[in-house]
Amino acid sequence: MVTQVLLKSSFRLVGVYRGSLSQVRCLATPSSSVPTPTAKASFSDVLADGPSLDDFISGEPVQRVQLGNKNGPRLPEFLKTKIPSGSSFHKIKKDLRGLNLHTVCEEARCPNIGDCWGGKEGASEEEGRRAATATIMLMGDTCTRGCRFCSVKTSRTPPPLDPHEPENTAEAISRWGLGYIVLTSVDRDDLVDGGAHHFAETIRKIKQKAPDILVEALTGDFAGSLELVSIVAKSGLDVYAHNIETVEALTPYVRDRRATFRQSLKVLEHAKKQGVRITKTSIMLGVGENEEQVMDALRELRKVDVDVVTFGQYMRPTKRHMKVDRYVEPAEFDRWKRVAEDMGFMYVASGPLVRSSYKAGEYFIENVLKGKATEKRTKSLIADELAASQQTRM
């Protein structure tokens, strides 16, 4: 049979293979309704059709774009700080860079860095250095934990420890001539000893090079290992600090899941048992706590004989961190200071900008002076009583 080819308007039947129909292709006829491409408009044409200069300077009201969270609490004036400056500030910063050292002041974006590093305002250069306080962060700038309030970098595998850090830290501190230094560290759960021996070695080096300086060690919880707490506590420090950060009920929401309120209490209690003269902790306000929860926390701290407590306002470092629940008024901080002092704490620092190590030297020295003044008054009263009793006998 002869192969037939049928042609109809828009279809075409094609091909015969070995006497049978093998393939059919349907080709659509181009429609006349499809628009033909036009030439692309030139840049000058687009510019000519756009807004003119008069449109920009016409004085018409422009719709304003609101940035940030308009419904959240606004930063009060009493929490705004000035730009850091001063010779002491710049010297400390230069030495830190030169010796590859880190500070929690920079890594945690502390608002008080200018005040602490700058020393005493209006004082001589020597007095300013003595009044200045710096908080060195040991064991690198990367933490193995991720607390929801802290802006320090986190990683499961931070870089290895710098074996020269204890010597470099001691060298820098001896140069500055500070009266009080705070050493803290990132948590290093990746290390067998949590970095306890590294911490202790740094303290010993500092005491060798600058024996008159007061050293405060603000440590982590060493995963609850009291043996590691002892290593740091017996290194020659003057103050052992460990922060509970918040009240017990909010701890799981504020701190890393590996940190617990009770574990922190055990660290502070054990440090005291190891012969440390002063133990210290810090509480953030404005994270959602209530008055009774704060009172409970203070009672628990007194049970383990903590000497110093500080209260400060939580300030959100970035939008990736937990939100501020409220900004606490200065009057409330003053009230908590009175409450804690009445409970028997040796010293209390309380204020919106107070941090665990904020003006640590100034606060500590002030407290020592108060103690000396009390001692003088007591001696004076005893002398007066003796004089009065002698006159009575005569």
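Quick note: structure is the one above.
Notes on the structure in this doc start here. Everything quoted here is computed from the prediction, not taken from an experiment.

1. Re the overall build of the protein chain
- The helix and strand inventory of the protein chain stands at 14 helices and 14 strands.
- Within the protein chain, buried positions represent 42% of all 394 residues.
- Restricting the contact set of the protein chain to residue pairs at least 6 apart, pairs at least 24 apart contribute 72%.
- With the model as given, the accessible surface of the protein chain reaches about 23,500 Å², and the carbon-plus-sulfur share is 53%.

2. Considerations on the pattern of salt bridges
- Evaluated as defined, the whole model comprises 26 salt bridges.
- Across the salt bridge formed by arginine 145 and aspartate 189, the nearest N and O atoms sit 2.9 Å from each other. Of the two residues, arginine 145 is situated in the loop between β7 (142-143) and β8 (153-154) and aspartate 189 in the loop between β9 (180-185) and α8 (196-209); the sequence distance between them amounts to 44 residues.
- For arginine 145, a relative accessible area of 6% gives the class buried.
- Classification of aspartate 189 by relative accessible area gives partly exposed; the value is 32%.
- Ionic pairing is found between arginine 299 and aspartate 296, a salt bridge with its closest N-O pair at 2.5 Å.

3. Things to note about helix α9 (residues 226-233)
- Those residues of α9 lying buried are Leu228, Val229, Ser230, Val232 and Ala233.
- Next to the buried residues of α9 lie α8, β10 (214-218), β11 (239-241) and α11 (261-273).

4. Let's talk about the pairing of strand β12 (residues 278-285)
- In terms of burial, β12 is largely enclosed, as eight of its eight residues are buried.
- In β12, alternate side chains face the same way, and those of Ile278, Lys280, Ser282 and Met284 on one face and Thr279, Thr281, Ile283 and Leu285 on the other are all buried.
- When β11 meets β12, the two strands line up parallel, connected through three bridges. Bridge pairing in β12 places alanine 241 opposite lysine 280.

5. A closer look at the packing of α8 against α9
- It is at 8 Å that the axes of α8 and α9 come closest, and there the two elements cross at 10°. Classified by the interaxial angle, the pair formed by α8 and α9 is roughly parallel. Two secondary-structure elements touch here, α8 through Ala196, His197, Phe199, Ala200 and Ile203 and α9 through Leu228, Ile231 and Val232.

6. Topic: the packing of aromatic side chains
- In this structure the tally under the stated criterion is one aromatic pair.
- On the basis of an interplanar angle of 25° and a centroid distance of 6.2 Å, the ring pair of phenylalanine 311 and tryptophan 336 is categorised as stacked. With phenylalanine 311 in strand β13 (residues 308-313) and tryptophan 336 in helix α13 (residues 330-342), this pair connects stretches of sequence that are 25 residues apart. Of the two residues, phenylalanine 311 and tryptophan 336, both sit in the buried class.
- The cationic tip of arginine 302 hangs over the ring face of phenylalanine 345; the distance from NZ or CZ to the ring centre is 5.1 Å.
- Looking at arginine 335, its charged tip hangs above the ring of tryptophan 336, at a distance of 5.0 Å from the centre.

7. Overview of unusual backbone geometry
- Despite not being glycine, methionine 139 has its phi angle at roughly 65°, a positive value.
- Looking at where methionine 139 falls in the secondary structure, it is placed in the loop between β6 (133-138) and β7.
- With a phi angle near 50°, phenylalanine 222 is a residue other than glycine that sits in the positive phi range.
- Judged by relative accessible area, phenylalanine 222 falls into the buried class, the value being 9%.

8. Topic: the environment of leucine 191
- Of note, leucine 191 is situated in the loop between β9 and α8.
- You can call leucine 191 partly exposed: its relative accessible area is 24%.
- Considered as a pair, leucine 191 and phenylalanine 222 are 31 residues apart in the sequence and their alpha carbons are 10.0 Å apart.

9. Points about the packing of α11 against helix α12 (residues 291-303)
- Interaxial distance between α11 and α12 falls to 10 Å at its minimum, and their mutual angle equals 30°. One finds that α11 runs roughly parallel with respect to α12. Crossing geometry of α11 relative to α12 is assigned as right-handed. Residues Phe261, Arg262, Leu265 and Leu268 of α11 form the contact with α12, whose own contacting residues are Ala297, Glu300 and Leu301.
- When the residues that make up the contact of α11 with α12 are grouped by side-chain class, the tally is five nonpolar, no polar and two charged.

10. Remarks on the environment of threonine 310
- For threonine 310, the location among the structural elements is in strand β13.
- A sequence separation of 67 residues divides threonine 310 from asparagine 243, and the C-alpha atoms of the two residues are 9.5 Å apart.
- Engagement of the side chain of threonine 310 in a polar contact is seen with the side chain of serine 282, the distance being 2.9 Å.

11. With respect to the side chain of arginine 145
- Here the side chain of arginine 145 touches aspartate 189 through a polar contact of 2.9 Å, side chain to side chain.
- Polar side-chain contacts of arginine 145 include one of 3.0 Å to the side chain of aspartate 221.
- Once residues lying within four places of it in the same chain are set aside, the contact partners of arginine 145 are Thr154, Asp187, Asp189, Asp221, Ala223, Asp256, Arg258 and Ala259.

12. Here's the deal with the state of the cysteines
- Taken as a whole and judged by the stated rule, the model has zero disulfides.
- Cysteine 143 carries a free sulfur, and the closest cysteine sulfur to it, the one in cysteine 150, is 6.8 Å from it.
- Cysteine 147 takes part in no disulfide bond, and the closest cysteine sulfur, belonging to cysteine 150, lies 6.4 Å away.

Parameters and conventions
Residues numbered from 1 in each chain as written. Predicted model: local features only at pLDDT ≥ 70, side-chain atom pairs only at ≥ 80, totals over all residues. Heavy atoms only, no water. Helix = DSSP H or I, 4+ residues; strand = E, 2+ residues; numbered from the N terminus. Buried < 20%, exposed > 50% of the residue type's maximum accessible area, 1.4 Å probe, protein only. Contact = heavy atoms within 4.5 Å. Areas by Shrake-Rupley, 256 points an atom, 1.4 Å probe, with all protein chains shown as cover. Salt bridge = Lys/Arg side-chain N within 4 Å of Asp/Glu carboxyl O. Pairing = 2+ DSSP bridges. Axes fitted to C-alpha atoms, helices over the stretch in contact; angles between N-to-C directions. Parallel < 35°, antiparallel > 145°, perpendicular 65-115°, else oblique. Phe/Tyr/Trp six-rings, centres within 6.5 Å; stacked < 30°, edge-to-face > 60°. Lys NZ or Arg CZ within 6 Å of the ring centre and 35° of its normal. Left-handed = near helix turned anticlockwise from the far one by under 90°. Nonpolar A, V, L, I, M, F, W, Y, C, P; charged D, E, K, R; others polar. Polar contact = N/O pair within 3.5 Å; in protein donor to acceptor, adjacent residues only side chain to side chain. Disulfide = S-S within 2.5 Å.

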